[in-house]
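Understanding the architecture of this molecule
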Amino acid sequence: MPLKSAKTNWRDVVLVCRKCQRKLDGEGFGPDGDRPLKKALRKTLKAGKGRKAGVVVMETDCFDVCPKNAVVAARAGRPHAPLLVVPRGAAMDEVRAALDLDIDRPAPPMRLVGGG
């Protein structure tokens, strides 16, 4: 079976530790502190789900940092940037700034890697 590609509108991907979120019982973020980080970030960034979203927030396996009362997050497009430890109750504007996510900034041009 030949390899295929699927088009997306993704400008960026934010990875959030699934294990950290589970330890907080899926709460601690957003205006009322009743959402997991993944959902609070998705709402703040006006991100969607699936291939049509501009910014995607995805859960991933453990980053092996395991902070207490916090969740680890990272931008997938910046592999050399430090991991962000987001404490419970952190303001989403601060998290967005720390991840350097500006949804109003135009997306960089897409680059194809490899031969086609």
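For the structure given in this document, a descriptive report is provided here. (Residues numbered from 1 in each chain as written. Predicted model: local features only at pLDDT ≥ 70, side-chain atom pairs only at ≥ 80, totals over all residues. Heavy atoms only, no water.)

Its place among the elements puts Glu27 in the loop between α1 (18-23) and α2 (37-44). Using a relative accessible area of 42% as the deciding quantity, one classes Glu27 as partly exposed. Separated by 13 residues in the primary sequence, Glu27 and Ala40 have C-alpha atoms spaced 9.6 Å apart. (Helix = DSSP H or I, 4+ residues; strand = E, 2+ residues; numbered from the N terminus. Buried < 20%, exposed > 50% of the residue type's maximum accessible area, 1.4 Å probe, protein only.)

Among the surface-exposed residues, Val65, Leu83 and Val85 lie close enough to one another that they form a single nonpolar patch of about 220 Å² accessible area. Mapped onto the elements, Leu83 comes out in the loop between β3 (70-75) and β4 (84-87). Judged by relative accessible area, which is 38%, Leu83 ranks as partly exposed. (Patch = residues over 30% accessible without salt bridge, like charges linked within 9 Å, V, L, I, M, F, W, Y side chains within 5 Å. Areas by Shrake-Rupley, 256 points an atom, 1.4 Å probe, with all protein chains shown as cover. Salt bridge = Lys/Arg side-chain N within 4 Å of Asp/Glu carboxyl O.)

This part covers the nonpolar core. Of all hydrophobic cores here, the largest spans 23 residues; its most connected members are Val14, Val16, Phe29, Leu37, Leu41 and Val95. When residues of this core are traced back to their parent elements, those giving at least two are β1 (12-17), α2, β2 (55-60), β3, β4 and α3 (92-98). Contacts of Val14, omitting those with residues within four sequence positions, involve Leu41, Val55, Val56, Val57, Met58, Ala74, Arg75, Leu99 and Leu101. (Core = buried A, V, L, I, M, F, W, Y, C linked by side-chain atoms within 4.5 Å. Contact = heavy atoms within 4.5 Å.)

One non-glycine residue with positive phi stands out, namely Lys46, at about 55°. Relative to the elements of secondary structure, Lys46 occurs in the loop between α2 and β2. A positive phi angle is found at Cys66, which is not glycine, with a value near 50°. Within the fold, Cys66 resides in the loop between β2 and β3. The class for Cys66 is partly exposed, based on a relative accessible area of 35%.

It is worth spelling out α2 at this point. For α2, the set of buried residues is Leu37, Ala40, Leu41, Arg42 and Thr44. Lining the buried residues of α2 we find β1, α1, β2, β3, β4 and α3. Looking one or two residues past α2, Lys46 carries a phi angle of roughly 55°, positive in sign.

A word on the environment of Asp102. Here Asp102 is to be found in the segment after α3. Each C-alpha atom of the pair Asp102 and Leu45 lies 8.4 Å from the other, and the pair is 57 residues apart in sequence.

So, on to a positive patch on the surface. Positive charge collects at one region of the surface, where Lys19, Arg22, Lys23 and Lys68 lie side by side. Along the chain, the position of Lys19 falls in helix α1. (Lys, Arg positive; Asp, Glu negative; His and termini not counted. Charge placed at Lys NZ, Arg CZ, Asp CG, Glu CD.)

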